[in-house]
Amino acid sequence: MALCAGCYDFEETIVLAPDLSGSITILVTIYQDENDPGTSREEFASQRDEIVGQMKEQAGQQIPEGVRLAQLDLEWLDEHRSVFRMEIEFDHIRKLQDIKPAEAAEGEDPPTEPAVPDFEIVEKEDRWVIRHRLGEKGAGQDLVPKEAYEGRTFVFSMRSQAKVLSHNGEAIGPEVRWQKKMTEIVTTNADIWAEWEIAKE
C-alpha cells in the first residue's frame, strides 16, 4: 500500500471544556497516485494491522503523561483512498506543549504519516496563549511536486467552552476555524500558526 507523501486532506478539531481539559480529533483522507494500480480491500486488510501498529508505536513515543491516545485507526474507502483517524484526550491544555515531535529512526527518512500535532503553550497572569503549527517552513518542498497538493486542504477547528479572548482564525458559528490550501502549507517561506488566547478560570 504505497501512500502518496503529502497527498492528504486534513481535518483537525480541538474541543476544550471549561476546565481546559479536552480532546483533539484528526481525520486525514490519504490519496494514492491515480496512476498507481491502487490497493484492493483484501490487500489493504492484509497490511492494515501492521501499519496501525506502527502508527500507535510512533504516537506512543510522542504522547506525554496527561495525554491519552483514545483512538487510532485506518479505513479503506476505495482502491486509491483511505482514511486515518486519531483522537487524543488531555487533562489540561498545557499538557499539549509536552508532545514530542515525530522522529525517524537512525538511518531512516523522516516520518511522512500523519503525526500527533505540534503545540506551543504560554501561561500568562490571566490567560493561556496557544499556538498550533499548521505549516512548517520548507517541510514538504522536497517530498513531491507542488502539483500533487493541488485541491487538498488543511482545516483546523477549535470549539471552546472556556472564554476565548482573541484568535487569528475565522469565527464560524460556535467554532473558530483556520483553513489553508495544502499548496500553501508545503511551500510556505515561514511557519504558519493558528493562535488564540483563552481566559483562566
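Residues numbered from 1 in each chain as written. Predicted model: local features only at pLDDT ≥ 70, side-chain atom pairs only at ≥ 80, totals over all residues. Heavy atoms only, no water.

A. Here's a closer look at the overall build of the chain. Helix and strand counts for the chain come out as two helices and 11 strands. For the chain, the sequential pattern of α-helices and β-strands runs β-β-α-β-β-β-β-β-β-β-β-α-β. Taken over 201 residues, the chain has a buried fraction of 42%. Once local pairs closer than 6 in sequence are excluded, the contacts in the chain between residues at least 24 apart make up 68%. For the chain, the accessible surface area stands at approximately 11000 Å², while carbon and sulfur atoms represent 42% of it. (Helix = DSSP H or I, 4+ residues; strand = E, 2+ residues; numbered from the N terminus. Buried < 20%, exposed > 50% of the residue type's maximum accessible area, 1.4 Å probe, protein only. Contact = heavy atoms within 4.5 Å. Areas by Shrake-Rupley, 256 points an atom, 1.4 Å probe, with all protein chains shown as cover.)

B. View of the environment of Gln71. Here Gln71 lies in strand 3 (residues 67-78). Measuring from C-alpha to C-alpha, the distance between Gln71 and Ile88 comes to 6.9 Å, with 17 residues separating the pair along the chain. Every residue in contact with Gln71, bar those within four places of it in the chain, is listed here: Arg85, Met86 and Glu87.

C. Just the pattern of salt bridges, in detail. As enumerated under the stated definition, the model contains 16 salt bridges in all. Notably, a salt bridge pairs Arg81 with Asp78, separated by 2.9 Å at the nearest N-O pair. Measuring nitrogen to oxygen at the nearest pair gives 3.1 Å for the salt bridge that ties Arg127 to Asp126. The class of Arg127 is partly exposed, set by a relative accessible area of 23%. When its relative accessible area of 42% is taken as the criterion, Asp126 is described as partly exposed. Overlapping salt bridges bring together Arg48, Asp49 and Asp73 as one network. (Salt bridge = Lys/Arg side-chain N within 4 Å of Asp/Glu carboxyl O.)

D. Structural detail: the sheet that holds strand 8 (residues 164-167). Overall, antiparallel pairing links the four strands, which are arranged 5-6-11-8 in an open sheet. The sheet is open, and its two edges are formed by strand 5 (119-123) and strand 8, each paired on a single side. Across the sheet, the mean angle from the axis of one strand to that of its neighbour is 20°, orientation sign disregarded. The pairing of strand 6 (residues 127-135) with strand 11 (residues 192-199) spans eight bridges and is antiparallel. Bridge pairing in strand 11 links Trp128 to Ile198. (Pairing = 2+ DSSP bridges. Axes fitted to C-alpha atoms, helices over the stretch in contact; angles between N-to-C directions.)

E. Seen up close, the packing of aromatic side chains. Taken as a whole, this structure holds five aromatic pairs when the rule is applied. On the basis of an interplanar angle of 40° and a centroid distance of 5.5 Å, the ring pair of Trp178 and Trp196 is categorised as tilted. With Trp178 in strand 10 (residues 175-181) and Trp196 in strand 11, this pair connects stretches of sequence that are 18 residues apart. Of the aromatic side chains, those joined through ring pairs into one cluster are Tyr8, Phe10 and Phe154. The ring of Trp193 carries Arg131 above its face, with NZ or CZ at 4.1 Å from the centroid. Of note, Lys200 hangs over the ring of Trp128, and the distance from its end group to the ring centre comes to 5.3 Å. (Phe/Tyr/Trp six-rings, centres within 6.5 Å; stacked < 30°, edge-to-face > 60°. Lys NZ or Arg CZ within 6 Å of the ring centre and 35° of its normal.)

F. Structural view of the nonpolar core. If you look at the biggest cluster of nonpolar residues, it comprises 45 residues, and the most contacted ones within it are Ile14, Phe84, Leu96 and Trp196. Counting residues per element, this core draws most heavily on helix 1 (residues 41-62), which supplies five residues. Setting aside anything within four residues of it in sequence, one finds Trp196 in contact with Ile14, Leu16, Phe119, Trp128, Val129, Ile130, His132, Phe156, Met158, Ser166, His167 and Trp178. (Core = buried A, V, L, I, M, F, W, Y, C linked by side-chain atoms within 4.5 Å.)

G. Geometry of the side chain of His132. By the element assignment, His132 lies in strand 6. Dropping the residues within four chain positions of it, His132 is found in contact with Glu12, Pro117, Asp118, Phe119, Phe156, Ile192, Trp193, Ala194 and Trp196.

H. Representation of the confidence of the model for the chain. Mean pLDDT over the chain stands at 84; residues scoring 70 or higher make up 85%. Between the elements of the chain, mean pLDDT differs from a low of 80, seen in helix 2 (residues 182-187), to a high of 96, seen in strand 8. Low pLDDT (under 50) marks residues 109-114, which in the prediction has 17 contacts with non-local residues, meaning those over four places away or in another chain. (pLDDT = per-residue confidence, 0-100.)

I. Structural view of the sheet that holds strand 3. Across the sheet, which stays open at both edges, the seven strands sit in the order 3-4-2-1-7-10-9 with mixed pairing between neighbours. Of all the strands in the sheet, just strand 3 and strand 9 (170-172) have a single pairing partner and so form its edges. Recorded for the sheet is a direction-independent mean angle of 20° between the axes of neighbouring strands. As paired elements, strand 1 (residues 8-16) and strand 2 (residues 22-31) share nine bridges and run antiparallel to each other.

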